[in-house]
Amino acid sequence: MARQGLIGRIGIAAVLVLTASACGTDSGSRPTPPQAALDGVGPITLATGKDTSGNLQNQIDGWNSAHPDQRVSLIELPENADAQRQQMVQNAQTRSDTYAVLNLDVIWTAEFAANQWVVQLPEAEFPLDKLLPATVETGTYFNRLYAVPTNSDGGLLYYRKDLLDAAGLTPPKTWAELSAACAKVLPANPGTSCYAGQFEKYEGLTVNFSEAVNSAGGAVVGPDGKPTLDTEAARKGLEFLVNGVKSGEIPGKARTFKEEEGRRAFQAGELVFHRQWPYQYLKAAATDGSSAVAGKFAVAPLPGLTGPGSSTLGGHNLAVSAFAKNKKTALEFIKYLSSEEQQRANLEKSSQAPTWAALYDDPALTARFPYLPTLKQSILGAKRRPAVVKYQEVSTAIQNAVYDAMGGKGDVGGALTGLQARLSELTK
Ligand code: GLC
């Protein structure tokens, strides 16, 4: 139903855009920017965060060998999402044509679309009805498509199945069960810590905090877009993280973890539980000696306060820079990377989450990646981060408050009161 509605609305928006003069309005919402012509064929670039999957160049090589006159060069930006955004914003503000296709984090669509740094895309040319609806929504702004979902992301609980099995335990469904499992497992496994996620001061911390609040039954913002952090659920969520550090269940070192630092710790056998995205699966399962936990771990849904938790929706969407020269090639390259064939191949090589719904139910894939049904549930139940133009300011406020609270500065109540006030200002 929601899917139909979205496509219907997108369709209407497209007609309005085509018939609107240079800068009209549609149905009382935002001004309608002129739709840029997607023409120009020739070499382009793809600007993206550091390719931790290791498969992107491979995919680009596939395109380049079939399109020698429209070669794509990879521009790898930092691993840290905030630093990626900063470089993309700078590039857009100087109207540079250096980046043609932008691999946008799902949280940046509003900002890039509102500033007209990316062009509206012809949704009829993409099989949007075959993609998970929640992923398509992250690429739209005021019901127009600006970015095509190429990979989704949902949080998963990676756990040491060998250690839990030896202790006669099943994966925890609640935070209390997680603590109890660690209390049982850790004494026999010195050098191993209980739990980590992404706790460095960057976007990953916003993800983990939002997830903790969601998993206690709360939300960072309500349906009206206003913050709802003055709640008992938000307090319980932040306490999970703050008390984790205090008790040592979250090792102090985890406060320097982004995705890759945590992955290395999990792969080295230093953690019983790790909140992480799906890309970690194949790396931790590698049997070439790079992972000490190959064959020893499994994946479960995130735990929560009183039952299973709920993830923050992650993922990336491809957009065409408004300042790119060869926009037709950019569009075709996006079709290629977001195709079912490429997403299947990418899942097989890198265990990144596809956006094509059917791949989650494909028997050959679920046999090879037994966590796929869990991941599908994680994505279907995931909550979006606020879809606002000033998203980075919202996230920075969260990162500052949560990082300090986890570092033992101030108390949980004070941190949430301050954050509620700051987010209220930002979402006025
Ligand atoms: C992953 C997610 C992205 C999120 C980031 C945070 O890359 O796909 O949405 O913002 O992690 O570190």
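All values reported here derive from a predicted model rather than from experimental measurement.

A. Expanded view of helix 15 (residues 372-380). By the burial criterion, the buried members of helix 15 are L372, T374, L375, K376, S378 and I379. Its buried side turned inward, helix 15 meets strand 6 (148-153), strand 7 (156-160), strand 10 (297-300), helix 13 (340-350) and helix 14 (363-368).

B. Quick peek at the sheet that holds strand 9 (residues 271-276). One open sheet accounts for 4 strands, arranged 8-9-7-10; its pairing is mixed. Of all the strands in the sheet, just strand 8 (193-196) and strand 10 have a single pairing partner and so form its edges. When strand polarity is set aside, the average angle formed by the axes of neighbouring strands in this sheet is 15°. Inspection of the sheet shows strand 8 paired to strand 9 by 3 bridges, in the parallel sense. Opposite Y195, over in strand 9, you have F273 as the bridge partner. In the packing of helix 7 (residues 175-185) onto the sheet, the strands contacted are strand 7, strand 8 and strand 9, and the crossing angle to strand 9 comes to about 150°.

C. Local environment of the packing of aromatic side chains. The tally for this structure, following the rule as stated, stands at 15 aromatic pairs. A centroid spacing of 6.0 Å and a plane angle of 70° characterise the contact between Y158 and F266, whose relative ring orientation is edge-to-face. Pair noted here: Y158 is in strand 7 and F266 is in helix 10 (residues 259-267), with a separation of 108 residues, a long-range link. With relative accessibility at 0%, the residue F266 sits in the buried group. Ring geometry for F333 against Y336: centres 6.0 Å apart, planes inclined by 25°, an arrangement best described as stacked. Highlighted residues: F333 and Y336, both in helix 12 (residues 327-338), separated by 3 residues, approximately one helical turn.

D. The domain arrangement of the chain, seen in detail. One can read the domain layout of the chain as domain 1 (4-153 + 314-380) and domain 2 (156-312 + 388-426). Taken together, the contact pairs 29 residues of domain 1 with 24 residues of domain 2. The junction of domain 1 with domain 2 conceals about 2,100 Å² of combined surface from both sides, 63% of it contributed by carbon and sulfur atoms. Ranking the residues of domain 1 by area buried against domain 2 places E79, D82 and I107 at the top, with a combined share of 23%. For the pair domain 1 and domain 2, the interface holds 0 salt bridges. One can count 9 residue pairs in polar contact (both at pLDDT 80 or more) joining domain 1 with domain 2. Elements supplying a minimum of two residues to the side of domain 1 that touches domain 2: helix 3 (81-93), helix 4 (109-114), helix 13 and helix 15. With 4 residues, the single largest contributor to the side of domain 1 that touches domain 2 is helix 13. Residues that form the side of domain 1 that touches domain 2 fall into these classes: 12 nonpolar, 9 polar and 8 charged.

E. Fine view of the pattern of salt bridges. Using the criterion set out here, one finds 20 salt bridges in the structure. A salt bridge links K335 to E332; its shortest N-O distance comes to 3.2 Å. Separated by 3 residues within a single helix, K335 and E332 lie in helix 12, roughly one turn from each other. We classify K335 as partly exposed; its relative accessible area is 24%. Where K376 meets D361, a salt bridge forms, and the shortest distance between an N and an O atom there is 3.1 Å. Linking K376 in helix 15 with D361 in the loop between helix 13 and helix 14, this pair joins segments that are 15 residues apart in sequence. Through salt bridges with shared partners, a single network forms among E125, K328, E332 and K335.

F. Representation of the nonpolar core within the structure. The biggest cluster of nonpolar side chains holds 99 residues, and the ones touching the most others in it are F209, F273 and F333. Both domains that furnish three or more residues to this core are identified here as domain 1 (4-153 + 314-380) and domain 2 (156-312 + 388-426). Sequence-distant contacts of F209, that is, excluding residues within four places in its chain, are made with V220, L229, L238, L241, I398, V402, L416 and L419. Counting residues in each nonpolar core, the second largest holds 23 residues, with L77, W108, A113 and V118 among its members.

G. Region of the structure containing the state of the cysteines. Per the stated rule, a full pass over the model turns up 1 disulfide. Residue pairing for C182: its cysteine sulfur links by disulfide to C194, the two sulfurs lying 2.0 Å apart. In this structure, the disulfide formed by C182 and C194 twists by about 75° around the S-S bond and is classed as right-handed. Remark: C194 occurs in strand 8 and C182 occurs in helix 7; sequence separation between them is 12 residues.

H. Inspection of the site of the ligand at higher detail. Neighbouring residues of the ligand: 13 residues in total, closest D105, D153, E259, G315 and R385. Protein chains bury 91% of the 310 Å² of accessible surface belonging to the ligand in isolation. Put simply, the parts of the chain that give the shell around the ligand at least two residues each are helix 8 (203-215) and strand 11 (314-320). A total of 3 residues in the shell around the ligand trace back to one element, the largest contributor, which is strand 11. Residue composition of the shell around the ligand, grouped by class: 4 nonpolar, 4 polar and 5 charged. Both of domain 1 (4-153 + 314-380) and domain 2 (156-312 + 388-426) provide at least three residues apiece to the shell around the ligand.

Rules of the game
- Residues numbered from 1 in each chain as written.
- Predicted model: local features only at pLDDT ≥ 70, side-chain atom pairs only at ≥ 80, totals over all residues.
- Heavy atoms only, no water.
- Buried < 20%, exposed > 50% of the residue type's maximum accessible area, 1.4 Å probe, protein only.
- Helix = DSSP H or I, 4+ residues; strand = E, 2+ residues; numbered from the N terminus.
- Contact = heavy atoms within 4.5 Å.
- Pairing = 2+ DSSP bridges.
- Axes fitted to C-alpha atoms, helices over the stretch in contact; angles between N-to-C directions.
- Phe/Tyr/Trp six-rings, centres within 6.5 Å; stacked < 30°, edge-to-face > 60°.
- Domains from an automatic or database assignment.
- Buried area = accessible area lost by both parts, 1.4 Å probe.
- Salt bridge = Lys/Arg side-chain N within 4 Å of Asp/Glu carboxyl O.
- Polar contact = N/O pair within 3.5 Å; in protein donor to acceptor, adjacent residues only side chain to side chain.
- Nonpolar A, V, L, I, M, F, W, Y, C, P; charged D, E, K, R; others polar.
- Core = buried A, V, L, I, M, F, W, Y, C linked by side-chain atoms within 4.5 Å.
- Disulfide = S-S within 2.5 Å.
- Near = heavy atom within 4 Å.
- Areas by Shrake-Rupley, 256 points an atom, 1.4 Å probe, with all protein chains shown as cover.

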